[in-house]
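Chain by chain, the residues:
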Amino acid sequence: MTKLNKQDLLNLYRWMLLTRMTEERMVEYHKHSPLPELPHSGIGQEAIAAGAVYGLRKEDQVLPSLRTRGAFLAKGISSRTMMSGAFAKVTGAARGKTTSHHMGDPDVGVIACSAIVANHPPIAVGIAMASKLQKKDYIAVTFFGDGGSNRGDVHESMNMAAAMKLGVVFICENNQYALSTPVAVHTAQPDIGLRASGYGMPGVIVDGNDVLAVYEAAQTAYARARKGEGPTLIECKTYRWRAHSERDFRDLRPAEEVEAWKAKCPIRRFTDYLLKTGNASRKTLDKIRDSVIDEINDAVEFAENSPMPPGEEAVLHVYAEGRV
């Protein structure tokens, strides 16, 4: 595993902060204007995408879930493109055909997914099979939630990947709720990572609010996958701070539970670590925050000033061109 230096740690901090503040801006914008995207916030879960995506190669492919917004950013999709996607502008990655949480960009290794929950693990298996047939070592990293873990797509994907020793890493973002159903209600065994043994692959359960723990688990899994040793299931225990979506005006979760998890804020936790270990000063972190604010302000301005897609855009890029 690659040892993280001081700059790596600051980069991780920036990715987490950029993810948090991007989502906060989208949520705030949605409250006061007709933002085309309905935000399904992953605020509180930033350590997972940052820790899992950091250090991946350009040719590696990630398949984010509904709340893995940080994976888009950390893999190389720009803030301008991300914000334009939320505004459904032609400058978004999907050119206005879908909003930002379902878009993709093959140039940076982000695979577009549909709105069906946890439908993308089978695609990740196909990507890993292609890598194996091509005798290459690029890998596929697919994210899904605790609710999505119960879908047949996920079970079949893990079984096939393990049986064929494919380079897939399955990352479950267990934020304790499938929409409004607690994990203890929809799953008899709340430790989803334990399912891995049933497929014959390693399973790891980590604190999803600890970016370094996520990074270490991911790097170990990626090394296995590149060596042809097969898939790994990583369960990241975490929590989303906001309701299922910004359309849900009543959050049925206990208020004291929400507040208890907010006290475990992954960004605050990593901030304390950086300051305590001497890897950053408060001045350095403030400077990073200022740069993130500038980047988001620029992205919003760019998105606001970008054109809506023309009518003919609806029939463009629907089918692959040329021979496949």
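Residues numbered from 1 in each chain as written. Predicted model: local features only at pLDDT ≥ 70, side-chain atom pairs only at ≥ 80, totals over all residues. Heavy atoms only, no water.

Visitor: If you had to explain the packing of aromatic side chains to someone new, which residues and values would you point to?
Guide: Overall, the coordinates contain 5 aromatic pairs when judged by the stated rule. On the numbers, 4.9 Å between centres and 70 degrees between planes, the contact of Tyr-29 with Phe-87 is edge-to-face. Of this pair, Tyr-29 sits in helix H1 (residues 6–32) while Phe-87 sits in the loop between helix H4 (79–86) and helix H5 (121–133), and the two are 58 residues apart along the sequence. Residue classification places Tyr-29 among the partly exposed residues on the basis of a relative accessible area of 23%. (Phe/Tyr/Trp six-rings, centres within 6.5 Å; stacked < 30°, edge-to-face > 60°. Helix = DSSP H or I, 4+ residues; strand = E, 2+ residues; numbered from the N terminus. Buried < 20%, exposed > 50% of the residue type's maximum accessible area, 1.4 Å probe, protein only.)

Visitor: Can you tell me about the side chain of Ser-306, naming the residues and giving the values?
Guide: When you line up the elements, Ser-306 lands in the segment after helix H12 (282–305). Apart from the residues within four sequence positions on either side, Ser-306 is in contact with Ser-84, Lys-89 and Thr-91. (Contact = heavy atoms within 4.5 Å.)

Visitor: Describe in detail the environment of Asp-105, supporting the description with residues and values.
Guide: Along the chain, Asp-105 turns up in the loop between H4 and H5. In the structure, Asp-105 is positioned 13 residues away from Gly-92 in sequence and 10.0 Å away in space, judged by C-alpha atoms. Excluding anything up to four places from it in sequence, Asp-105 contacts Ile-77 and Val-110. There is a polar contact of 3.0 Å between the side chain of Asp-105 and the backbone nitrogen of Asp-107. (Polar contact = N/O pair within 3.5 Å; in protein donor to acceptor, adjacent residues only side chain to side chain.)

Visitor: Provide a residue-level description of helix H11 (residues 266–277), including the pertinent values.
Guide: Under the 1.5 Å per step criterion, the end-to-end length of H11 is 16 Å for 12 residues, consistent within 8% with the ideal 16 Å. Among the residues of H11, Pro-266, Ile-267, Phe-270, Thr-271 and Leu-274 are the ones counted as buried. The buried residues of H11 occupy an angular sector of 135 degrees when projected down its axis, which confines them to one face. In this structure, the buried side of H11 is in contact with H1, helix H2 (46–53), helix H9 (211–226) and H12. The first or second residue beyond H11 is Gly-278, which carries a positive phi of 80 degrees. (Expected span 1.5 Å × (residues − 1). Arc of directions from axis to C-beta.)

Visitor: Tell me about the pattern of salt bridges, residues and numbers included.
Guide: Within this structure, the stated rule accounts for 19 salt bridges. We note a salt bridge from Glu-46 to Arg-20, for which the minimum N-O separation is 2.5 Å. Within this pair, whereas Glu-46 is found in helix H2, its partner Arg-20 is found in helix H1, the two being separated by 26 residues in sequence. Relative accessible area serves as the criterion here: at 8%, Arg-20 is assigned to the buried category. Residues joined in a network through salt bridges with shared partners are Glu-23, Glu-37 and Arg-69. (Salt bridge = Lys/Arg side-chain N within 4 Å of Asp/Glu carboxyl O.)

Visitor: Just give me the short version of the pairing of strand S3 (residues 168–174), but keep the residues and values in it.
Guide: Where burial is concerned, most of S3 is hidden: 7 out of the 7 residues are buried. Along S3, one buried face is formed by Val-168, Phe-170, Cys-172 and Asn-174 and the opposite face, lined by Val-169, Ile-171 and Glu-173, is buried too. Pairing of strand S2 (residues 140–145) with S3 involves 6 bridges; the strand directions are parallel. Bridged to Thr-142 within S3 is Phe-170. Regarding the hand of the β-α-β motif, the stretch spanning S2, helix H6 (residues 152–163) and S3 is right-handed. As defined by bridge partners, S3 adjoins strand S7 (residues 232–237) across 6 bridges and the pair is classed as parallel. Pairing of Asn-174 across the sheet is with Lys-237, part of S7. (Pairing = 2+ DSSP bridges. Right-handed = clockwise from strand over helix to strand, strands pointing away.)

Visitor: Outline the pairing of S2, listing residues and values.
Guide: The side chains of a regular strand alternate between both faces of the sheet. The buried fraction of S2 is high, at 5 of 6 residues. Examined bridge by bridge, strand S1 (residues 61–63) and S2 share 3 bridges and lie parallel to one another. Within S2, the residue paired with Leu-63 across the bridge is Thr-142.

Visitor: Account for the state of the cysteines, naming residues and giving values.
Guide: Considering all chains together, one arrives at 0 disulfides under this definition. Left unpaired, Cys-265 is separated from the closest cysteine sulfur, that of Cys-236, by 16 Å. (Disulfide = S-S within 2.5 Å.)

Visitor: Tell me what's going on with the nonpolar core, and back it up with residues and numbers.
Guide: With 64 residues, the main nonpolar core has Ile-171, Tyr-222, Ile-234 and Phe-270 as its most contacted residues. With sequence-adjacent residues up to four places away left out, Tyr-222 is seen in contact with Ala-52, Leu-56, Ile-139, Val-141, Val-169 and Ile-171. Core analysis: the next-biggest nonpolar cluster, separate from the first, contains 24 residues, Phe-144, Ala-161, Ile-192 and Met-201 among them. (Core = buried A, V, L, I, M, F, W, Y, C linked by side-chain atoms within 4.5 Å.)

Visitor: Describe unusual backbone geometry, listing the residues and the values that go with them.
Guide: Look at Ala-88: it is not a glycine, yet its phi comes out positive at around 60 degrees. Relative to the elements of secondary structure, Ala-88 occurs in the loop between H4 and H5.

Visitor: Tell me about the side chain of Gln-61, and please be specific about residues and values.
Guide: Here Gln-61 lies in strand S1. On the basis of relative accessible area, Gln-61 is assigned to the buried category, the value being 13%. When residues no more than four places from it in sequence are discounted, the contact partners of Gln-61 are Gly-109, Val-110, Ile-111, Ile-127, Ile-139, Ala-140 and Val-141.

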